[in-house]
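Commentary on secondary and tertiary structure
As a plain string of letters, each chain reads:
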Amino acid sequence: MTDEPSPAERALYLAAVRGGGRLRPESLAPADRPTLAALVARGLLTPTATGWTAASPRALGDRIGLELRTRALRLLRHAERLPGTLGPLARAYDAAHHPVGPSAVDLPAVGPGVGGPTAGTVDDAAEVRRRVGELVSECREEVLAAQPGPRPLEALRMALAQDLSLLRRGCSLRTVYQPVALADPAARSQVALRTGHGAQVRVLAEPYERVLVFDRAVAVIPADEDRNRAAFLTDPTTVAYLVAQFERDWARATPADRHLDPPSVTTVRIGRLLARGLTQRAVATRLGVSERTVAAHISRLRDRYGAHSLFHLGWQLRGEHHD
């Protein structure tokens, strides 16, 4: 059975509505029996002792809408997990079909504008931090940073002095976070210290890859899942591709100032219910408030997350761990 009534089902349902909301057996032709059965199965007609009574289509719409949203969320979650599930197979394929390139000592030093670290893979986490620190210190124009997931507060504090020095030198600093990174008030304060000195921060409630780009000459990406290893890339084509990916995510993200002020308790509760797939009407019923009140909170949430639709908003909120 499809999600929407067929033309024959619509016609028979409208006949019941025109008959005062009731449909009697004597008014049915033998050919109407399959259509009648379909309407009963959908819940649009309810059997009674004397025939059938028309039910509200809104209840059907809410039920089917919830089922579709639940199905879509399940598919989207599966799509998110799939790259990680296939990751080991992809790495085995790449190793078998593409020879490993030269080691770090064989690769050229980074290009003009950024000195210090050479291109290649670094296996030690402390060495990765040291080389990234050098790139920040020697940056002349801009740093682009895509930082998915939560941000350790201690890491933000340790990097504050270097970030402020970068900004005072007149360099541009643009960072994309996920909403979870700004869930902690202390983390929001750290971000506010940077934006107060000219850093630009946006929030994107979608999956994206971690990357740092310095002066559009050097890019740093994780080289393993636990991020203890990092690849320092200087190939112009590769760096340009990563910059284009960052600009695409930046364009879809929303300004961080919408996230630095925490939402009200009611807004958070509404967000939790939307993340579970409930409709606006169902949220209002659950909380015992008017639909107009819910609509006002949803409008603020859509502005906060840059959502284009109610479903888009619910999908973004599902990563907030409201449940």
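Within every chain, residues take consecutive numbers counted from 1 along the sequence as written. With the structure being a predicted model, the display of local features is reserved for residues of pLDDT at least 70 and the display and counting of side-chain atom pairs for 80 or more, all residues being used for whole-chain, interface and lining totals. Heavy atoms from the whole structure form the basis of all side-chain values; hydrogens and water molecules are not counted.

Thoughts on the packing of helix 1 (residues 7-18) against helix 2 (residues 33-42)
- For helices, the fitted axis covers only the stretch in contact; all axes are lines through C-alpha atoms, and the angles between them, taken along N-to-C directions, range from 0 to 180 degrees. Helix numbering and strand numbering both begin at the N terminus, where a helix is a DSSP run of H or I of at least 4 residues and a strand a DSSP run of E of at least 2. Closest axis-to-axis distance for the helix 1/helix 2 pair is 9 Å, and the angle between their directions is 80 degrees. The angle between helix 1 and helix 2 places the two elements in the roughly perpendicular class. The residues of helix 2 that touch helix 1, namely those facing Ala8, Glu9, Leu12 and Tyr13, are Thr35, Leu36, Ala38, Leu39 and Arg42.
- Polarity classes work like this: nonpolar for Ala, Val, Leu, Ile, Met, Phe, Trp, Tyr, Cys and Pro, charged for Asp, Glu, Lys and Arg, and polar for all others, with Gly in that last group. Among the residues making up the contact of helix 1 with helix 2, the classes are represented as six nonpolar, one polar and two charged. We call two directions roughly parallel when the angle between them is under 35 degrees, roughly antiparallel when it is over 145, roughly perpendicular when it lies between 65 and 115, and oblique otherwise. Note on contacts: a residue pair is in contact if any heavy atoms of the two residues lie within 4.5 Å.

As for the nonpolar core
- Of all hydrophobic cores here, the largest spans 22 residues; its most connected members are Val132, Leu166, Phe214, Val220 and Phe232.
- For this core, the elements supplying multiple residues, two or more each, are helix 4 (125-138), strand 5 (142-147), helix 5 (153-168), strand 8 (211-214), strand 9 (218-222) and strand 10 (230-233).
- With residues near it in sequence (within four places) discarded, Leu166 still touches Val136, Cys139, Val143, Cys171 and Leu173.
- Each nonpolar core is a collection of buried residues, namely Ala, Val, Leu, Ile, Met, Phe, Trp, Tyr and Cys, held together in the definition by side-chain atoms within 4.5 Å. The classification of residues rests on relative accessible area computed with a 1.4 Å probe and restricted to protein chains. Under 20% of the type maximum is buried, over 50% is exposed, and intermediate values are partly exposed. Formed by 14 residues, the second largest nonpolar core is a distinct cluster that contains Val176, Val211, Ala219 and Ala253.

So, the confidence of the model for the chain
- What pLDDT conveys is the predictor's confidence in a given residue, as a value from 0 to 100. Per-residue confidence for the chain gives a mean pLDDT of 80; residues scoring 70 or more make up 82%.
- Within the model, the stretch residues 97-118 combines pLDDT values under 50 with 34 contacts to residues more than four positions away or in other chains.

Examining a nonpolar patch on the surface
- Judged by side-chain polarity, Leu82, Leu86 and Leu89 come together as a nonpolar surface patch covering roughly 270 Å² of accessible area.
- One can find Leu89 in helix 3 (residues 57-97). Exposure above 30% relative accessible area and no salt bridge define the residues that can form patches, which grow by joining like charges within 9 Å and nonpolar side chains of Val, Leu, Ile, Met, Phe, Trp and Tyr within 5 Å. Here the accessible surface of atoms and residues is derived via Shrake-Rupley with a 1.4 Å probe, and residues count as covered only by protein chains that are part of the display. We count a salt bridge whenever a side-chain nitrogen from Lys or Arg sits within 4 Å of a carboxyl oxygen from Asp or Glu.

Description of the sheet that holds strand 1 (residues 22-23)
- Pairs of strands are assigned from DSSP output, requiring at least two bridges between the strands. Across the sheet, which stays open at both edges, the three strands sit in the order 1-3-2 with antiparallel pairing between neighbours. The outermost strands of the open sheet, each flanked by one partner alone, are strand 1 and strand 2 (45-47).
- Docked against the sheet, helix 2 engages strand 1, strand 2 and strand 3 (52-54), running at close to 95 degrees with respect to strand 2.

Here we look at the packing of aromatic side chains
- Aromatic rings from Phe, Tyr and Trp, taking only the six-membered ring of Trp, are treated as a pair when their centres fall within 6.5 Å; an angle between ring planes under 30 degrees marks them as stacked, one over 60 as edge-to-face, and anything in between as tilted. According to the stated counting rule, one finds one aromatic pair in the structure shown.
- When the centroid spacing of 5.9 Å and the interplanar angle of 20 degrees are considered together, the rings of Phe246 and Trp250 count as stacked. With a gap of four residues between them, Phe246 and Trp250 both fall in helix 7 (residues 236-252), about one helical turn apart.
- A relative accessible area of 8% places Trp250 in the buried class.
- Counting as a charge over the ring demands two things of the Lys NZ or Arg CZ atom: a distance within 6 Å of the ring centre and an angle within 35 degrees of the ring normal. Sitting over the face of the ring of Trp250, Arg174 holds its NZ or CZ atom 5.1 Å from the ring centroid.

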